[in-house]
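# Observations on the model geometry
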Amino acid sequence: MSRTPQEVFADHGNRLGTGDLDLISQNYTEDAVFLTPEGTLTGREGVRRGIGALLADLPDADWQLTPQFAGDVLFLQWSAATDTHEVTDGVDTFVFRDGLISAQTVRYTLTPRTTRTP
């Protein structure tokens, strides 16, 4: 049974929360394309590496997400912050096929947070 993009995205969020990269990558097709600021990764293993790198950059982040669906495409605006870094201008584009994610483009700006003293 095929899932809607909204169902896949909700499940994807739950899997991201576990931090289990094998589980997370199962939401992608075998031939998925994952475009990151560092380059193009392909297949479930590529997705696994790309998401792992992002999660490693932002451990224990406070994420803010705004999804907008247009048919089988999701535009996701996001930001995140940790004690040491913050992400601004985060925009992901997901393309869904047959109840899975077949392509994702990830763009963001990662900057160190400035410590302010009163």
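As recorded in an unreviewed UniProt entry, the chain goes by the name Nuclear transport factor 2 family protein, listed as coming from Streptomyces viridiviolaceus.

## A short note on the pairing of strand E5 (residues 85-97)
One ladder, built from eight bridges, connects strand E4 (residues 73-81) with E5; its direction is antiparallel. If you follow Ala81 over to E5, its bridge partner there is Glu86. Remark: three residues form the turn of the hairpin made by E4 and E5, two consecutive strands paired antiparallel. Where E5 lies against strand E6 (residues 100-112), 11 bridges are found, and the strand directions are antiparallel. Across the sheet, the residue bridging to Val87 is Leu110, located in E6. Hairpin remark: E5 followed by E6, antiparallel, with two residues in the connecting loop; positive phi at Asp98, about 55°.

## With respect to the nonpolar core
Tyr28, Phe34, Trp78 and Phe94 are the most contacted members of the largest nonpolar core, which totals 22 residues. Those elements that provide at least two residues to this core are helix H1 (5-18), strand E1 (28-36), helix H3 (43-57), E4, E5 and E6. The biggest single contributor to this core is E4, with four residues. Non-local contacts of Tyr28, meaning those with residues more than four positions away in its chain, are made with His12, Phe34, Arg44, Val47, Ile51, Phe94, Leu100, Ile101 and Gln104.

## Side note on the packing of aromatic side chains
Under the criterion given, the structure shown has six aromatic pairs. Ring centres of Phe9 and Phe69 lie 6.1 Å apart, and the angle between their planes is 75°; on these two criteria the pair is classed as edge-to-face. Residue Phe9 is located in helix H1, and its partner Phe69 is located in strand E3 (residues 62-70); the two are separated by 60 residues in the primary sequence. Judged by its relative accessible area of 17%, Phe9 falls in the buried class. Centre to centre, the rings of Tyr28 and Phe34 are 6.5 Å apart; their planes meet at 80°, and the pair counts as edge-to-face. Here Tyr28 falls in the buried class, since its relative accessible area comes to 0%. Through a chain of ring-to-ring contacts, the aromatic side chains of Phe9, Phe69, Phe94 and Phe96 assemble into a single cluster.

## Thoughts on the side chain of Asp92
Counting through the fold element by element, Asp92 comes out in strand E5. Lacking a salt bridge, the buried Asp92 has Arg107 as its closest oppositely charged neighbour, with an N-O distance of 7.5 Å. At 2.8 Å, the side chain of Asp92 forms a polar contact with the side chain of Gln104. Apart from residues lying up to four places away in sequence, Asp92 is in contact with Leu74, Phe75, Leu76, Trp78, Gln104, Thr105, Val106 and Arg107.

The rules behind the values
- Residues numbered from 1 in each chain as written.
- Predicted model: local features only at pLDDT ≥ 70, side-chain atom pairs only at ≥ 80, totals over all residues.
- Heavy atoms only, no water.
- Pairing = 2+ DSSP bridges.
- Helix = DSSP H or I, 4+ residues; strand = E, 2+ residues; numbered from the N terminus.
- Core = buried A, V, L, I, M, F, W, Y, C linked by side-chain atoms within 4.5 Å.
- Buried < 20%, exposed > 50% of the residue type's maximum accessible area, 1.4 Å probe, protein only.
- Contact = heavy atoms within 4.5 Å.
- Phe/Tyr/Trp six-rings, centres within 6.5 Å; stacked < 30°, edge-to-face > 60°.
- Lys, Arg positive; Asp, Glu negative; His and termini not counted.
- Salt bridge = Lys/Arg side-chain N within 4 Å of Asp/Glu carboxyl O.
- Polar contact = N/O pair within 3.5 Å; in protein donor to acceptor, adjacent residues only side chain to side chain.

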